[in-house]
Amino acid sequence: MISARERIIDITANLFHYQGYNKTGINQIIEEAKVAKATFYYHFKSKDDLCVEFLNNRHNYWVSELHKFTSEYNNPKDKILNSFNFLIFMNKRENYRGCSFLNIISEISEEQEEIRRAIQNSKTDLRNYFREHIKDELLADHIYLLFESSIIESQIFKSNELIEKSRSITERLITNI
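Computed from a predicted structure; not experimentally measured.

Attention shifts here to the environment of Asp48. Here Asp48 lies in helix H4 (residues 47–70). Residues Asp48 and Glu113, spaced 65 residues apart in sequence, show a C-alpha to C-alpha distance of 9.6 Å. Sequence-distant contacts of Asp48, that is, excluding residues within four places in its chain, are made with Tyr21, Gln112 and Ile115. Side-chain polar atoms of Asp48 contact the side chain of Gln112, separated by 2.9 Å.

This part covers the nonpolar core. Counting 47 residues, the largest nonpolar core has Leu55, Ile104, Ile115, Phe130 and Ile143 as its most contacted members. Counting only elements with at least two residues in this core, the list comes to helix H1 (4–19), helix H2 (26–33), H4, helix H5 (76–94), helix H6 (100–105), helix H7 (113–133) and helix H8 (137–157). In contact with Leu55, not counting residues within four places along its chain, are Phe101, Ile104, Ile115, Ala118 and Ile119.

Taken as a whole and assessed by the stated rule, the structure comprises 14 salt bridges. Two residues, Glu53 and Arg5, come together in a salt bridge whose shortest N-O distance is 3.4 Å. Of this pair, Glu53 sits in helix H4 while Arg5 sits in helix H1, placing them 48 residues apart in sequence. Residue Arg5 is classed as partly exposed on the basis of its relative accessible area, which comes to 29%. Measuring nitrogen to oxygen at the nearest pair gives 3.7 Å for the salt bridge that ties Arg116 to Glu110. Look at Glu110 and you get exposed, because its relative accessible area is 60%. Through salt bridges with shared partners, a single ionic network connects Glu110, Glu113, Glu114, Arg116 and Arg117.

Quick look at empty space enclosed by the protein now. Scanning the model with the defined rule gives 1 cavity of 30 Å³ or more in all. Volume-wise, the largest cavity comes out at about 220 Å³. Forming the walls of the largest cavity are 20 residues, and the residues nearest its centre are Trp62, Leu87, Gly98, Cys99 and Ile151.

The next thing to look at is the state of the cysteines. A complete count under the given rule lists 0 disulfides for this structure. Cys51 forms no disulfide, and the closest cysteine sulfur to it belongs to Cys99, at a distance of 12 Å. For Cys51, a relative accessible area of 0% translates into the label buried.

This part is about H4. Its 24 residues place the ends of H4 34 Å apart at the C-alpha level, agreeing with the 34 Å of an ideal helix rising 1.5 Å per residue. Where H4 is concerned, the buried positions are Lys47, Leu50, Cys51, Val52, Phe54, Leu55, Arg58, His59, Trp62, Glu65, Leu66 and Thr70. Its side-chain oxygen placed 3.4 Å from the backbone nitrogen of Asp48, Ser46 serves as the N-cap of H4.

Scanning the entire structure with this criterion turns up 13 aromatic pairs. With centroids separated by 5.5 Å and ring planes inclined at 85 degrees, the aromatic side chains of Phe16 and Phe54 adopt a geometry described as edge-to-face. Here the residue Phe16 occupies a position in helix H1, and Phe54 occupies one in helix H4, the gap between them amounting to 38 residues. Just as Phe16 is buried, Phe54 falls in that class too.

Cut-offs applied
Residues numbered from 1 in each chain as written. Predicted model: local features only at pLDDT ≥ 70, side-chain atom pairs only at ≥ 80, totals over all residues. Heavy atoms only, no water. Helix = DSSP H or I, 4+ residues; strand = E, 2+ residues; numbered from the N terminus. Contact = heavy atoms within 4.5 Å. Polar contact = N/O pair within 3.5 Å; in protein donor to acceptor, adjacent residues only side chain to side chain. Core = buried A, V, L, I, M, F, W, Y, C linked by side-chain atoms within 4.5 Å. Buried < 20%, exposed > 50% of the residue type's maximum accessible area, 1.4 Å probe, protein only. Salt bridge = Lys/Arg side-chain N within 4 Å of Asp/Glu carboxyl O. 1 Å grid on protein atoms, 1.4 Å probe; cavity = no way out; pocket = protein on both sides within 12 Å on 5 of 7 lines; lining within 4 Å. Points joined across faces, edges and corners; volume = space filled by probe spheres on them. Disulfide = S-S within 2.5 Å. Expected span 1.5 Å × (residues − 1). Phe/Tyr/Trp six-rings, centres within 6.5 Å; stacked < 30°, edge-to-face > 60°.

As structure tokens, this is what we get:
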């Protein structure tokens with residue numbers, strides 16, 4: 001049996017990811033998690049705090065899945081190229097819902113600094129993933145930007161075409177790593 005806190009987090013993960021931050025209200029979360037309002041506020045002082053928890057959990061999940069997906073590859077070139085295949089895999093799994101972090105950043109105000117910081121931390125980790133495997137920092141950042149833009153474009157067009165093209169461009173760019 002999962003705890004009330006875990007139910008809140010599980011329900012929120014689904015709602016924020018598929019419905020969005022602004023369209024998801026605390027009352028909906030409380031109702032679907034089958035908890036009392038006092039229980040919700042015992043665990044989370046605000047919707048923003050819950051969002052930060054969601055983003056941190058989503059980051060941990062996503063990075064873990066990326067590492068699992070690319071773990072069979074030992075050389076940096078294969079890891080990077082298969083990172084793009086991971087995007088295709090995730091699009092099929094999540095029906096082209098895109099990046100939770102980029103979806104939420106477009107919904108928050110300037111004052112929601114904690115949420116912005118969680119998003120920045122996640123994107124910094126992803127950028128560092130590419131820098132870890134590609135020693136040329138400018139090239140690593142270029143690949144990171146291709147990767148990020150592929151996520152957005154695949155969500156907009158519900159297609160993996162530009163992910164595949166970005167992978168091909170990346171393959172040409174990293175022939176010597």
